[in-house]
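What follows is the residue order along each chain.
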Amino acid sequence: MYGLYLEAVNDYINESYGEDVWRLIEARAEIPHLKFVRHQMYNDNLILRLAKAAGEVLGKTHDELMYAFGVYMVKRIGNYGYERILKVLGRNVRDFINELDNLHEYFRFSFPKVQPPSFCVEEECETSLTLHYRSTRKGFTQFVKGQLSQVGRQFYNTDIEVEILSKEETEKMTYVVYKMNFDNAAFKHRMPQQKTAPGYEKLPMKRGIFFDMFPFSVIFRRDMTMYRIGDGLKEVFSDLQGKKVNEEFTLVRPMLEFSWDNIYTHLNNVFELLSKAVVESKQKDMREPPKKPLHLKGQMKYVPQWDSLIFLGTPIIETVEDMIKMGVYVNDLNLHDSSRELILAGTQQSAELQLALDQEQQKYAQLQEIIKKLDEEKKRGDSLLYAMIPKAVADRLRKGITALETCQVFPDVTILFSDVVKFNEICIHITPMQVVDMLNEIYIVFDTLSEKHNVYKVETIRDAYMVVAGVPNKTTFHAHHICDMALDMLSSIDHLKDPSTGDNIQIRVGIHSGMVVAGVVGLKMPRYCLFGDTVNTASRMESNGVGMQIHISQTTKDHLEHEPYIIEERGKIFVKGKGYMKTYWLKGKKDLSFKTPAELRYSSEQKDSEDRSSN
């Protein structure tokens, strides 16, 4: 399949649902291509994978999407420069449908590798016609239905109701019968031809003249026996006469069984025959005589006087090299059509087109590399942004939501503050770079723990480290997350040393639970900040704590009731701005095999958080 079809699907999703939805569908379909090239070949299954992924994302059925893809393909055909060809294909819908089987032939030079389906019209009347569709592809039934409906509306201002009468699928073939209901006023019943005027019934012509005019013609009877063949065909295969045409040739198009009845009922179609025998090159100077079958394309006509069918064909030859391989010469071809000019001119144009295609593919490869680097830079930018602002909030800002509108009240969260004991004293005795190295080691440990325990890092100021649970993702177990992290913080820094003395670094930890308001503030270097008395109280818990201890408030302790945490009462202490408060020390966590219902729910939430992080 050419990229033309995939490009149309890409445009349809982008225009109808937006680029973000396309990216999601592209990722779900596991499509590695960032941009489809119109004249490049792709796997036929790509469009089906896109339809399946789009159905999962958009909640639509495969048939609905393939129908929509077909409609859009016809709508956008003008953008690809092919609208004029479709407009001149027929004066009305009937003529267009009858000529549909030949449509892909007109695109053969632009898309030489196309594998066209076969269309045959049967059972016509003034209100409908039956169209038989055969293809080696599977899954395109609704796509074709959408195209047929849109052609009537777009080019002939005619509403076409397309029904699917039957559908058969085998390993190698899809066969669908469509009934097209529309105003088919152009239909005319076949009437017996009137007799010609006297004196013109017989126009005698010598056999040699006829077969010289049509050198690749074949005349055969009802039993498929060939009793006359053209002079050009004799030069290629000298022993065809007297043999059965369906035993010497394969019917490539239309996709029918090669029989007299099938040919007679589809005389309005273009026929392609492929010889079963290969043509041995007659060029003596060729090192290896290549073997190639003869491919003929032409028209079938019934001659009642002979009760025979005549095939008026011409070889399908892409290049001069093909002529050499077949042993066919220019003077073997018809003079009365453009066969000679197409081959000779096409050889030159083919080289030019191949050069243009090579250049386009080179530019495409460069574009792919640029887009890849752009995506990498975008990911780096996103990582930096999400380090300052939560992803959910950042995505809202990208959609045009103002910073003030991102502010949100969180009625119950838990905040942790920590700092380094005697930090100012340590800084006096070491260099600034040693201070940076020390804090960097500490914060790397803490950042890793924040990911593990599903808490959000708010900020660091000098040696102060602040995290929160319950913001921006709400959770019932915010106190559990923070307390578990606090316990891990104490145990995870036992290897870190004070650069000034060589002793172990000590930290103080303070925790408090309550209500906060969270949102983005500032235009230059915006930050996601927390506001409220809960922030101040958590900070006081830390400043009134002691080294290597976790100081918690009464509200935090209440959240841990009936949970396996070891808590000691500290008693009442005076807190600046708050007065006397009853506080506690968090000493550890019991290692119990039995878990309370709250613990089980907390464990489940932790597992879900880890799964989301890994995905």
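In case you missed it, the structure is sitting above this.
Residues numbered from 1 in each chain as written. Predicted model: local features only at pLDDT ≥ 70, side-chain atom pairs only at ≥ 80, totals over all residues. Heavy atoms only, no water.

### Some remarks on the overall build of the protein
Helix and strand counts for the protein come out as 21 helices and 18 strands. By residue count, 44% of the 615 residues in the protein fall in the buried class. Nonlocal contacts in the protein, meaning residues at least 24 apart in sequence, comprise 62% of its contacts between residues at least 6 apart. (Helix = DSSP H or I, 4+ residues; strand = E, 2+ residues; numbered from the N terminus. Buried < 20%, exposed > 50% of the residue type's maximum accessible area, 1.4 Å probe, protein only. Contact = heavy atoms within 4.5 Å.)

### So, unusual backbone geometry
In this structure, Pro254 follows Arg253 across a cis peptide bond, with omega equal to -10 degrees. Position of Pro254 among the secondary structure elements: in the loop between strand 7 (249-253) and helix 12 (260-264). Residue Pro472 is bonded to the preceding Val471 through a cis peptide linkage, with omega at -10 degrees. Mapped onto the elements, Pro472 comes out in the loop between strand 13 (464-469) and helix 18 (478-492). For Lys422, which is not a glycine, the phi torsion comes out positive at approximately 60 degrees. Relative to the assigned elements, Lys422 resides in the loop between strand 11 (408-420) and helix 16 (423-429). Judged by its relative accessible area of 58%, Lys422 is exposed.

### Here's the deal with the environment of Leu397
With respect to the element layout, Leu397 can be found in helix 15 (residues 391-398). Looking at Leu397, the relative accessible area reads 26%, which means it is partly exposed. When the C-alpha atoms of Leu397 and Val520 are compared, they prove to be 9.5 Å apart, with 123 residues separating the residues in sequence. For Leu397, the residues in contact, after removing those within four places along its chain, are Ile389, Thr402, Ala403, Thr406 and Val520.

### Here we look at the side chain of Glu124
Within the secondary structure layout, Glu124 lies in the loop between strand 1 (118-122) and strand 2 (128-135). Only 2.3 Å separates the side chain of Glu124 from the side chain of Arg94, close enough to count as a polar contact. (Polar contact = N/O pair within 3.5 Å; in protein donor to acceptor, adjacent residues only side chain to side chain.)

### With respect to the sheet that holds strand 4 (residues 174-181)
With antiparallel pairing, 4 strands are arranged side by side in an open sheet as 1-2-4-3. Lying at the two open borders of the sheet, with one neighbouring strand each, are strand 1 and strand 3 (161-169). Mean inter-strand twist for the sheet, computed between neighbouring axes without regard to direction, equals 20 degrees. Two elements, strand 3 and strand 4, share 8 bridges in a ladder whose sense is antiparallel. Of the residues in strand 4, the one forming a bridge with Glu169 is Thr174. (Pairing = 2+ DSSP bridges. Axes fitted to C-alpha atoms, helices over the stretch in contact; angles between N-to-C directions.)

### A word on the nonpolar core
Within soluble globular proteins, side chains that are nonpolar tend to cluster in buried spots. In terms of nonpolar packing, the biggest core is built from 56 residues, with Phe69, Ile97, Leu131 and Leu148 touching the most fellow members. Of all the elements, helix 4 (residues 62-75) adds the most residues to this core, at 7 residues. Excluding residues within four positions of it along the chain, Phe69 makes contact with Val9, Tyr12, Ile13, Ile47, Ala51 and Phe143. Of all hydrophobic cores here, the second largest spans 37 residues; its members include Val445, Ile493, Val509 and Ile552. (Core = buried A, V, L, I, M, F, W, Y, C linked by side-chain atoms within 4.5 Å.)

### Here's the deal with the pattern of salt bridges
Between side chains of opposite charge, a pair can form when the charged atoms approach closely. With the rule as written, the count across this model stands at 22 salt bridges. A salt bridge links Lys457 to Asp447; its shortest N-O distance comes to 3.1 Å. Of this pair, Lys457 sits in strand 12 (residues 456-461) while Asp447 sits in helix 17 (residues 432-452), and the two are 10 residues apart along the sequence. The residue Glu569 makes a salt bridge to Lys582 at a minimum N-O spacing of 3.7 Å. Of this pair, Glu569 sits in strand 17 (residues 565-575) while Lys582 sits in strand 18 (residues 579-589), and the two are 13 residues apart along the sequence. Here the residues in one salt-bridge network are Asp11, Glu15 and Arg76, joined through shared partners. (Salt bridge = Lys/Arg side-chain N within 4 Å of Asp/Glu carboxyl O.)

### Topic: the pairing of strand 12
Note that strand 12 and strand 13 share 5 bridges and pair antiparallel. Bridge pairing in strand 13 links Lys457 to Val467.

### Points about the pairing of strand 17
The sheet contact formed by strand 17 and strand 18 spans 10 bridges and is antiparallel. Across the sheet, Glu569 pairs through a bridge with Tyr584, a residue of strand 18. Hairpin connection of strand 17 to strand 18: 3 residues between the antiparallel strands, including Gly577 at a positive phi of 85 degrees.

### Details of helix 17
Look at helix 17: 30 Å from first C-alpha to last across 21 residues, which is about the 30 Å you get at 1.5 Å a residue. Inspection of helix 17 places Val435, Met438, Leu439, Ile442, Tyr443, Val445, Phe446, Leu449 and Ser450 among the buried residues, and these make up the whole buried set. On an axial view of helix 17, the arc spanned by its buried residues comes to 155 degrees, and they lie on one face. Along helix 17, exposed side chains directed more than 90 degrees from the buried face belong to Met433, Thr448 and Glu451. On its buried face, helix 17 sits against strand 11, helix 16, strand 12, strand 13, helix 18 and strand 14 (507-521). One or two steps after helix 17, the chain reaches Asn454, where phi turns positive at roughly 60 degrees. (Expected span 1.5 Å × (residues − 1). Arc of directions from axis to C-beta.)

### Things to note about the packing of aromatic side chains
Counted by the stated rule, this structure contains 15 aromatic pairs. Ring geometry for Trp260 and Tyr302: centres 6.2 Å apart, planes at 85 degrees, overall edge-to-face. Taken together, the positions of Trp260 in helix 12 and Tyr302 in strand 9 (residues 291-303) put the pair 42 residues apart, joining distant regions of the chain. With relative accessibility at 7%, the residue Trp260 sits in the buried group. Look at Tyr302 and you get partly exposed, because its relative accessible area is 25%. Taken together, the ring pairs connect Tyr12, Tyr17, Phe69 and Tyr72 into an aromatic cluster. The ring of Tyr227 is capped by Arg221, whose NZ or CZ atom sits 3.9 Å from the centre of that ring. (Phe/Tyr/Trp six-rings, centres within 6.5 Å; stacked < 30°, edge-to-face > 60°. Lys NZ or Arg CZ within 6 Å of the ring centre and 35° of its normal.)

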